[in-house]
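Topology and contacts: notes
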Amino acid sequence: MALKKSRGPLQNVQRGNDELKKQVDILLQESQETTSLDPAKRSLLHQRCVQLKKSVDENKDVLQKLKKSDEPAPVGNYDQRKQDEQKRLSKLSTELQNLAVALGEMNIGTDEKSNAAKEEEEREDDEEEGVTEEEEDEEEEDESENEEEEEDEVDEEEDDEDDDEAEDEEQANIKEYTAVGDFHAQQEEDLTVKKGELLHILDKRPDGWWVAENNQGKKGLVPKTYLHVFREQGFNRESSEGEGEEDDGEADEPTDGANQNQSAKRNSESELNSATKPIAEMSSIDALVTMGVIPSGFRISTLAQILDKEKHLRASHCIQPELSPSQLTFKDLVWDAETNVIQSRQSRLSLVLTLWSCKMIPLPGTSIQVLSRHVRLCLFDGSRVLSNIHTVRATWQPKNAKTWTFSPRVSGILPSLLDGDCFVRSSSPSTDIGLLFELGITYMRSTTGERGELSCGWTFLKLFDSGGIPATPKTYELPLNGGTPYESGVEVDPTISRRANSGVFQQMIALRKQPRLLVKLRTLRSRRREMMNLLPETMIGSVCCITPLVYYRQILGDVLLKDRTCMQNTDLICNPVLATFPKVMEQPDIMDALRSSWADKESSLKRSERRDKEFLKSLFIQAYHDSAYPLLVATFLPGLKWAEEDSEASRWKAIADFLRKNHEKQGSLFSLLSPEGVHEAFDIGEITYDFLGEARMATA
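These lines cover the structure that appears in this document, whether it is placed above or below.

Here we take up the packing of aromatic side chains. Evaluated as defined, the whole model comprises 11 aromatic pairs. Consider the rings of Phe-380 and Phe-460, whose centres lie 6.3 Å apart with planes at 75 degrees: the pair is edge-to-face. In this pair, Phe-380 is assigned in strand β10 (residues 368-380) and Phe-460 in strand β16 (residues 451-462), connecting sequence segments 80 residues apart. With centroids separated by 4.5 Å and ring planes inclined at 15 degrees, the aromatic side chains of Tyr-552 and Phe-581 adopt a geometry described as stacked. Note that Tyr-552 is positioned in helix α13 (residues 546-562) and Phe-581 in helix α14 (residues 576-585), a separation of 29 residues in sequence. Accessibility assignment for this pair places Tyr-552 and Phe-581 in one class, buried. By way of ring pairs, the aromatic residues Phe-380, Phe-460 and Tyr-486 are connected into one cluster. Sitting over the face of the ring of Phe-464, Arg-348 holds its NZ or CZ atom 4.0 Å from the ring centroid. The ring of Trp-642 carries the charged tip of Arg-393 above its face, separated from the ring centre by 4.4 Å.

It is worth spelling out helix α17 (residues 613-626) at this point. When the terminal C-alpha atoms of α17 are compared, their 20 Å separation across 14 residues agrees well with the 20 Å that a helix rising 1.5 Å per residue should span. Of the residues making up α17, those classed as buried are Leu-616, Lys-617, Leu-619, Phe-620, Ala-623, Tyr-624 and Asp-626. Tucked into the core, α17 has its buried residues touching α13, α14, α15 (588-603), α16 (607-611), α18 (628-632) and α19 (645-665). A side-chain oxygen of the first residue of α17 lies 3.3 Å from the backbone nitrogen of Glu-614; this N-cap is Asp-612.

Bringing the pattern of salt bridges into the picture now. This structure, assessed with the given rule, holds 26 salt bridges. The partner of Asp-421 in a salt bridge is Arg-522, with the nearest N and O atoms 3.5 Å apart. Of this pair, Asp-421 sits in strand β14 (residues 421-426) while Arg-522 sits in strand β18 (residues 516-522); the two residues are 101 residues apart in sequence, bridging distant segments of the chain. Exposure remark for Asp-421: the relative accessible area of 23% places this residue in the partly exposed category. For Arg-522, a relative accessible area of 31% corresponds to the partly exposed category.

The two faces of strand β17 (residues 475-479) differ: Tyr-476 and Leu-478 on one face are buried, but Thr-475, Glu-477 and Pro-479 on the other face are not. Pairing between β17 and β18: five bridges, direction antiparallel. Opposite Tyr-476, over in β18, you have Val-519 as the bridge partner.

Our next topic: the pairing of strand β4 (residues 219-223). By the criterion of burial, β4 is predominantly enclosed, with four of the five residues buried. Sheet analysis places strand β3 (residues 209-213) next to β4, joined by five bridges and oriented antiparallel. For Trp-210, the partnering residue across the bridge sits in β4 and is Val-222. Counting the residues in the hairpin turn of β3 and β4 gives five residues, including Gly-217, whose phi is positive at 85 degrees.

Before going further, it helps to examine empty space enclosed by the protein. One water molecule sets the probe size; rolling that probe over the atoms shows where empty space is left. Scanning all chains against the criterion turns up two cavities of 30 Å³ or more. What the second largest cavity holds in volume is close to 40 Å³. What lines the second largest cavity is Phe-298, Ile-361, Pro-362, Leu-363, Pro-364, Arg-373, Ala-401, Trp-404, Ile-441 and Cys-456. Looking at side-chain class alone, the lining of the second largest cavity contains nine nonpolar, no polar and one charged residues.

Basis of the calculations
Residues take numbers from 1 onward in each chain, read along the sequence in its written order. Per-residue local features of the predicted model are confined to residues with pLDDT of at least 70, and side-chain atom pairs are confined, for both listing and counting, to 80 or more; whole-chain, interface and lining totals are unaffected and use all residues. Excluded from the side-chain calculation are hydrogens and water; included are all heavy atoms of the structure. Stacked, tilted and edge-to-face pairs are distinguished by plane angle, under 30 degrees for stacked and over 60 for edge-to-face with tilted covering the rest, among Phe, Tyr and Trp rings (Trp via its six-membered ring) whose centres lie within 6.5 Å. Numbering of helices and strands runs from the N terminus; a helix is a DSSP stretch of H or I covering at least four residues, while a strand is a stretch of E covering at least two. Any residue under 20% of the maximum accessible area for its type is buried, any over 50% is exposed, and the rest in between are partly exposed; the area is computed with a 1.4 Å probe on protein chains only. Charge-over-ring placement is defined geometrically: NZ (Lys) or CZ (Arg) within 6 Å of the ring centre, and within 35 degrees of the ring normal. Take the residue count of a helix, subtract one, and multiply by 1.5 Å to get its expected span. Contact between two residues is taken to exist if any of their heavy atoms lie within 4.5 Å; hydrogens are not considered. Within 3.5 Å is the distance limit for a polar contact, defined as a pair of N or O atoms, with the added protein rule that one can donate a hydrogen and the other accept it, and that residues adjacent in sequence qualify only through two side-chain atoms. When a carboxyl oxygen of Asp or Glu is within 4 Å of a side-chain nitrogen of Lys or Arg, the pair counts as a salt bridge. At least two DSSP bridges between two strands are needed for those strands to be called paired. Of the grid points, spaced at 1 Å and generated over the protein atoms alone, those admitting a 1.4 Å probe that cannot get out make up cavities, while open sets with protein on both sides within 12 Å along at least five of seven lines make up pockets; any residue with an atom within 4 Å of a point is treated as lining. Grid points are joined across faces, edges and corners, and a volume is the space filled by probe spheres set on the points. Any residue that is not Ala, Val, Leu, Ile, Met, Phe, Trp, Tyr, Cys, Pro, Asp, Glu, Lys or Arg is counted as polar, Gly included; the first ten are nonpolar and the last four charged.

Here it is as structure tokens:
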């Protein structure tokens, strides 16, 4: 279908082009069997082809009028993306043009064959009866065909307009509709309907929400995309008209296919202009929206897809040293000979962010089981993700499920996955850089068991103004947008705004019902700033994990810079901590076990021991070997599965039992050497570190 100008931004045009591409592919597949199809079917394919080409041309006009200034947020490679879409539309237009020509020639060839057959039959009949009127019959047939073709060409546009007006009038007069799917009421004014239920339409509102009445006399609003003209009424009317046309054709003159082409054209246009489509042809998200299970602003999580595909956007990769452009030294890991430690490196941006809460987040339908509520955040410049993607899980209460909170009060150490305090470091010189937040849920459909991750909205917080001045440390209340970060003007739940009246008070109430995220930017204390300067220049992570990350970076400096006798040596390095620590960062519960073991050892230190940096470093390595290292290869620990409550609970119990036994036996050596223990086969990768394979390449 053709896009209207109001749909504007480049992303909407791209989505429309994707839909046109699907329709063209289906048409091409059907047209491959045209040799075995009847003329009516070929004529229908030809009409569909013409209609699709018209839609492609309209999209080209819309795309040509787009400007970069129309985009509400910066879009990277805008001109290149626009040019790619123009090429794609030109290719589709060429394919449709060739197909239309092929179908037209095929129709002409078929008509010639049928005419020749008729002439042959008439010639045989005339010879038997002694009548010779072949030339007159041929001339009359040619004249009638030419007249019909001329009339069709002259009146084609007028017929199209008349048909559209007639269809609009016909649709306005129809009051009986059936529901094409189940719709569950989301507000008090809505009407719950079942698939196949007969409804009487009282008011066809222009906003797409029609006032309907069911057989029980209940009235309410129903989306028009759920409604279709009552089939029995439409069938009787069309069949009666068809019978009349057939009778007229038999009474006046032989059928020449014009009426069939016209009816086929109307049917094809009706199919293309229909606002509904079968659920089987929709994506899973479109189906959920159509059934009213989720709000229309929900999408498949963008950051979850990126995190699943892009390894370099994980924190375990960002913590590795970065090579210089020459790849002969390290860019962000430099040894300070005076202090005998790695040099601290200040970044352009260094702050602490606190996630407070998310309010008025719409709830999915009862057929959706929510397994996890979380926020994913990263550094973003409008087109690119510039840091690792960090995830914080939210907590909620059943009595107030629309409000998400972070950092709950728990006994003992707060799990790092629930920690709403995040550190942010960035060395990007761009003034467009900011924090991209995407609220998401991991869900499972109760009927099919399908699992997935949905975005419940996103928002963007700029960290610099146009003059390069950093954002003020304060609390920000950020409204959430629907769709993806590359879309604009999409609401998370449009039903909230459409129910707002024109009064100022009602609009203020509706504004407070809009979903939003509360965050707070904080400045750093001197001690914490010193620790963060030992981390990579660009990174996001939990504040509670800063200490393990700093010790890992210090061990990297010792092994790669201080203890390596020859800087040109690139052999594998035997160091279990360096080899396995990135794997620990991928498993938050094992990282929490390391933090717990380190807290136990640190609590018993003397004041003099706390000042000894080398002693603290050796103590951290001991805590690592007593907790994280054996847990990574433990057979009693179930595999990590995201958002599976049973799996996470069993892992927590197994880790707690392991730490308790290690505390009683003063280390993990007893459990490792116990004859009752079962261990995986030894792998040399558990103790070897390949810094050439793990190091990051220099970025521009």
